[in-house]
Amino acid sequence: MSTRPSFRTTVAVVARREITARFLSKAFIISTLITVLLMLLAVVLGPRIGDIIGGGTDTVAAAPGEAAVLQHVGGVELMEVADAEAARQAVLDESADAAVVPDADSPVGLRVLALSDPPSALVQGLSVSPVVELLDPDAPNPVIRYLLPLGFALVWMTAALGFGMTIAQSVVEEKETRIVEILLASISSTALLTGKILGNSLAALAQIVLTAGAVLLGLAINDEVLPAGDLVAPVLWFVPLFIIGFVMIASMFAAAAALVSRNEDLQSVLQPMMWLIMLPYFGVAFGGSNETFMRVLSYIPFSSPIALPVRIFLGGVSWWEPVVSVALLVATTAAVIVLGARVYDRGLLHTGKAMAWKEALARAS
C-alpha cells in the first residue's frame, strides 16, 4: 500500500524544484550579475564621481603673487607666469584653462579669467567659506549617509518585487495548467506553499549575499576613500532582516495569486502588495535624512528591513530599538504566513472569477 511522503520530504522536493528553476533562469542570472556589478561600481566609483565628472584638473595661470594663494586650491594645476598680462595671454592662447589676476575692486582682491567656462574647482577654492572640522572621528561618511538608504531600498524593492512576481506567476501557471490538482493528490497545500517560499527565499538569499559581497569588496578596494568598517554592521543587519521580510512578502504574493485563475487577473490582485513594497522605497528616498521619520519606518514591518540598518549606521540607536523592530517584523511575518496559508489553501482549487480576500478569509476560518 502506497503512503504519502512526509511533510519534510515534500517541502524539500518543492524547494529544490524552485531553486533549480531560479538558478537556471536567464532572467535571474542576468539580473543578479547586473545588480552585483552596479553595486560594486557604485561603491568603488561613488566617492570619486566628482573627479570623474570633472574630467581631471584644470591649468590655471597666475603671477608669483597670486600663485601663492592658489597653492591650497585643489583640482587645479598651477602654471606660473611673469605677470597679470602674461596670465591673460595664456588664457587667450588656450595654454591655460583659466587665469587669476589681481583686482582691487573684488572683495577677495582677485579676478578669475576664462574664455567661456571658469573651472568650478577654482571658483569654489577661491570662495570664502568657513573651515569645517568634525570632532567625532566616527561620524558617518557623508557619501554613504546619502547613498546607503537608497541602496538598501533599491535592493529591497527590486528583489522583493522580482521574486514575489515569480512566485505569483508560478502559482497561477500551476492553476491554469491544472498541475496543482495533480500535486495536491500527493502533497498538502501547506507543503507546496512552504516549499515555494523556502526555495525562493534561498534563491533571494544567494542574490543578496552576492550583492553584499560586492559592496564589501568595493569598500575593500576603496578603503582609502571610504573606510570599510562603516558599512559592515548595516550590511550584516540588512541580510537577515531582508530574508525575514521576504518570507512575509512571498507568503502574501502566493496567497494573492491563489485567488485568481488567469495571468490577466494577476496584476489587479497584486497591486496592494506592490505598493507595500514600493512605498518604503519612496519614503526612504525622500525622507532618509529625517531622523524621526526613519525611526517610525524602523518599527513598520514593511520598511524596517531598510530603515533599521540605516539607523544603525547613523548611530544613536538604543539597544532595545532593534529588539523591538525585529520582534515586530517576526510577529507580523508569522501572522502573514498563517493567514496566507489559509487563503492559499482555499483559493488553490478555485477557478473562474477572481476570489476576494474577504471571501477567502471567511471561508478559510
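Let me begin by describing the structure that accompanies this report. (Residues numbered from 1 in each chain as written. Predicted model: local features only at pLDDT ≥ 70, side-chain atom pairs only at ≥ 80, totals over all residues. Heavy atoms only, no water.)

Tallying each qualifying case throughout the model produces 8 aromatic pairs. With centroids separated by 5.9 Å and ring planes inclined at 40°, the aromatic side chains of Phe 238 and Phe 242 adopt a geometry described as tilted. One end of the pair, Phe 238, and the other, Phe 242, are both in helix α10 (residues 229-258), 4 residues apart, so they sit about a helical turn from each other. Assessed through its relative accessible area of 5%, Phe 238 is described here as buried. Classification of Phe 242 by relative accessible area gives buried; the value is 0%. Measuring from ring centre to ring centre gives 5.5 Å for Tyr 281 and Phe 282, while their planes differ by 75°; the resulting arrangement is edge-to-face. Each residue in the set Phe 23, Phe 28, Phe 152, Trp 156, Phe 163, Phe 238, Phe 242 and Phe 246 is aromatic and connected to the rest through ring pairs, giving one cluster. (Phe/Tyr/Trp six-rings, centres within 6.5 Å; stacked < 30°, edge-to-face > 60°. Helix = DSSP H or I, 4+ residues; strand = E, 2+ residues; numbered from the N terminus. Buried < 20%, exposed > 50% of the residue type's maximum accessible area, 1.4 Å probe, protein only.)

Axis separation between helix α9 (residues 189-221) and helix α14 (residues 320-347) bottoms out at 10 Å; the angle between their running directions is 120°. Looking at the two axes, α9 sits oblique to α14. Crossing of α9 over α14 shows right-handed handedness. Contact residues: α9 offers Ser 189, Leu 192, Leu 193 and Lys 196, while α14 offers Gly 340, Ala 341, Tyr 344 and Asp 345. For the contact of α9 with α14, the per-class residue count stands at 4 nonpolar, 2 polar and 2 charged. (Axes fitted to C-alpha atoms, helices over the stretch in contact; angles between N-to-C directions. Parallel < 35°, antiparallel > 145°, perpendicular 65-115°, else oblique. Left-handed = near helix turned anticlockwise from the far one by under 90°. Contact = heavy atoms within 4.5 Å. Nonpolar A, V, L, I, M, F, W, Y, C, P; charged D, E, K, R; others polar.)

Before going further, it helps to examine the side chain of Ser 298. Position of Ser 298 among the secondary structure elements: in the loop between α12 (291-297) and α13 (304-314). Given the relative accessible area of 0%, Ser 298 is considered buried. Of note is the side chain of Ser 298, whose polar atom sits 3.2 Å from the side chain of Arg 311. Leaving out residues up to four positions away in the same chain, Ser 298 has contacts with Ser 304, Ala 307, Leu 308, Arg 311 and Ser 325. (Polar contact = N/O pair within 3.5 Å; in protein donor to acceptor, adjacent residues only side chain to side chain.)

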